[in-house]
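Remarks on the overall topology
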Amino acid sequence: MPGRRTHRTRGIVLDHVKLGEQDLIVTLLAADGTQARAVAKGARKPGGRLAARVELFSETDFLLASGRSLGIVSEATLVDAHGRLRGDLERVSAASAACEVARLTSFEDAEDPFVYPLLSRALKAFEEAADQAHLDLAVAAYVFKVLAHGGWSPELARCIACGDPSPMWFSAAAGGALCESCARDVPGAEPIAPSQLAWVRALIGSTFDRLLAADVTPESALWLAGCAHTWAATHLDARLRAFEFMLAL
Ligand SMILES: [Zn+2]
């Protein structure tokens, strides 16, 4: 494409929309944390060489040409296909849920060096998770980490309304833990055990390596994934369909 301005960026493929007969519009989380959309021409051509490089969840080095409104993929080199996600419904669903949240926490003009490495590590964690419990834990960790980074960090140590140091209730809408008397005024507040509060704190503060090696029951991990879903849906004010699908499996 002579005359067009081009730029190189690494990106994680978050989403696809079909365009015409053979093309795709891909939504990328770029390495600088911005979100970009670009047309991948011929990406749906059977056996086409671009198809594998713009698969969902792939990390790819792109050369993008500026188009009239969207960028156009002029070169693509696969960096990490996250191949162990493929063909595994639970792992694909986890990656879809994370990419859905990544789409809602990245923006065209807002650079943020934290979000790309976080999503890249999370996708690797979904490949590495030994079982469903650790997969649930890894999704919950990604979601709480990216939201906390974005400014939606839950108050876990004390009642968010009165400061009582031993809260026993939790409300996503209220912004975290509540004591019993404050919880009475908050519709939808739910009881929470100190161990559950400690788990949410660990999701935000611990590394994926430690979480993947942690002792967690399937019930606790599923509860944490549900809690992360409620937290994200409430603060992003969005219906998270891929996340709902993952929780319904
Ligand atoms: Zn209180």
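Basis of the calculations
- Residues take numbers from 1 onward in each chain, read along the sequence in its written order.
- Thresholds applied to this predicted model are a pLDDT of at least 70 for local features of residues and 80 or more for the giving and counting of side-chain atom pairs; totals over whole chains, interfaces and linings are not thresholded and use all residues.
- Just so you know, side-chain values use all the structure's heavy atoms and leave hydrogens and water out.
- Donor atoms (N, O, S) are those found within 2.8 Å of the metal centre, with the cutoff raised to 3.2 Å for Na, K and Ca; water is not part of the atom list, so apparent gaps in a site can occur.
- The numbering of helices and of strands both runs from the N terminus, where a helix is a DSSP run of H or I of at least 4 residues and a strand a run of E of at least 2.
- Summary of the burial criterion: residues with accessible area below 20% of their type's maximum are buried, those above 50% are exposed, and those between are partly exposed, where the area comes from a 1.4 Å probe applied to protein chains only.
- Whether two strands pair depends on DSSP finding at least two bridges between them.
- As used in this structure description, the phrase polar contact means that two N or O atoms lie within 3.5 Å; if the pair is within protein, one of them must be able to donate a hydrogen and the other to accept it, and residues adjacent in sequence are counted only when both atoms belong to side chains.
- When checking whether two residues touch, look at their non-hydrogen atoms; a contact exists if any pair is within 4.5 Å.
- An automatic or database domain assignment provides the domain bounds reported here.
- In short, buried area is how much 1.4 Å probe accessible area vanishes from two parts on joining, totalled over both.
- Note on geometry: axes are lines fitted to C-alpha atoms, helical ones only across the stretch in contact, with angles between N-to-C directions running from 0 to 180 degrees.
- Geometry of aromatic contacts follows a simple scheme: Phe, Tyr and Trp rings, the Trp one being its six-membered ring, pair when their centres are within 6.5 Å, and the pair is stacked under 30 degrees between planes, edge-to-face over 60, tilted otherwise.
- The rule is short: NZ of Lys or CZ of Arg within 6 Å of the ring centre and within 35 degrees of the ring normal puts a charge over the ring.
- Between the first and last residue of a helix there are one fewer steps than residues, each counted as 1.5 Å, and that sum is the expected span.
- In this description, one arc is meant: the one made by directions from the helix axis to the C-beta atoms.

What follows covers the coordination of the zinc ion. Around the zinc ion, the protein supplies Cys159 (SG), Cys162 (SG), Cys179 (SG) and Cys182 (SG) as donor atoms, at distances of 2.3 Å. Donor residues binding the zinc ion come from one chain and are separated in sequence as C-x2-C-x16-C-x2-C. Of this pair, cysteine 162 sits in the loop between helix H3 (132-149) and strand S6 (169-171) while cysteine 182 sits in helix H4 (residues 180-183); the two residues are 20 residues apart in sequence, bridging distant segments of the chain. On the accessibility criterion, cysteine 162 (46% relative accessible area) is partly exposed.

Now for the sheet that holds strand S7 (residues 176-178). Taken in spatial order, the 3 strands make up an open sheet running S7-S6-S8, and their pairing is antiparallel. If you trace the sheet from one side to the other, it starts and ends with S7 and strand S8 (190-191), each paired once. Here S6 pairs with S8 via 2 bridges, running antiparallel. Bridge pairing in S8 places phenylalanine 170 opposite glutamate 190.

Relative to the assigned elements, arginine 91 resides in helix H1 (residues 89-104). A polar atom in the side chain of arginine 91 sits 2.9 Å from the backbone oxygen of alanine 129. If sequence neighbours within four positions are ignored, arginine 91 has contacts with Arg84, Leu85, Phe126, Glu127, Glu128, Ala129 and Leu135.

When cut into domains, the chain gives domain 1 (6-81) and domain 2 (84-248). Between the C-alpha centres of domain 1 and domain 2 there is a distance of 28 Å. With 20 residues of domain 1 at the contact, the number on the domain 2 side is 21 residues. Across the domain 1 to domain 2 interface the summed buried area is about 1700 Å²; carbon plus sulfur atoms make up 57%. Interface area lost by domain 1 to domain 2 is led by Leu14, Gln35 and Phe57, which between them contribute 37%.

Read around the closed barrel, 5 strands run S1-S2-S3-S5-S4, paired in mixed fashion. Across the sheet, the mean angle separating the axes of adjacent strands is 50° when strand polarity is ignored. Pairing of strand S2 (residues 23-30) with strand S3 (residues 35-40), which is carried by 6 bridges, proceeds in the antiparallel orientation. Bridged to leucine 28 within S3 is alanine 36. Packing against the sheet, H1 makes contact with strand S1 (6-19), S2 and S3, and its axis sits at approximately 115° to S1. Lying on the sheet, helix H2 (residues 115-128) is in contact with S1, S2 and strand S4 (59-66); it crosses S1 at an angle near 55°.

By the definition in use, this model includes 2 aromatic pairs. Between phenylalanine 170 and tryptophan 231 the ring centres are 6.1 Å apart and the planes differ by 45°, which places this aromatic pair in the tilted class. Highlighted residues: phenylalanine 170 in strand S6 and tryptophan 231 in helix H7 (residues 218-236), separated in sequence by 61 residues. For tryptophan 231, a relative accessible area of 1% puts it in the buried group. An aromatic cluster is present here, built from Phe144, Phe170 and Trp231 joined pairwise through their rings. The ring of phenylalanine 208 carries lysine 145 above its face, with NZ or CZ at 5.7 Å from the centroid.

So, on to H1. Taking 1.5 Å as the rise per residue, H1 with 16 residues should run 22 Å; its terminal C-alpha atoms sit 23 Å apart, in good agreement. Every buried residue of H1 is accounted for by Arg91, Ser93, Ala94, Ala95, Ala97, Ala98, Cys99, Glu100, Val101 and Ala102. Contact partners of the buried residues in H1: S1, S3, H2, H3, H7 and helix H8 (241-248). Here H1 starts with a cap whose side-chain oxygen sits 3.1 Å from the backbone nitrogen of glutamate 90, and that cap is aspartate 88.

Here helix H5 (residues 194-205) spans 16 Å end to end across 12 residues, near enough to the 16 Å set by a 1.5 Å rise per residue. Within H5, the full set of buried residues consists of Leu197, Trp199, Val200 and Leu203. One side of H5 carries all its buried residues, which in axial view fall inside an arc of 155°. In H5, those exposed residues whose orientation departs by more than 90 degrees from the buried face are Pro194 and Gly205. The secondary structure elements touched by the buried residues of H5 are H3, S6, S7, helix H6 (208-212) and H7.

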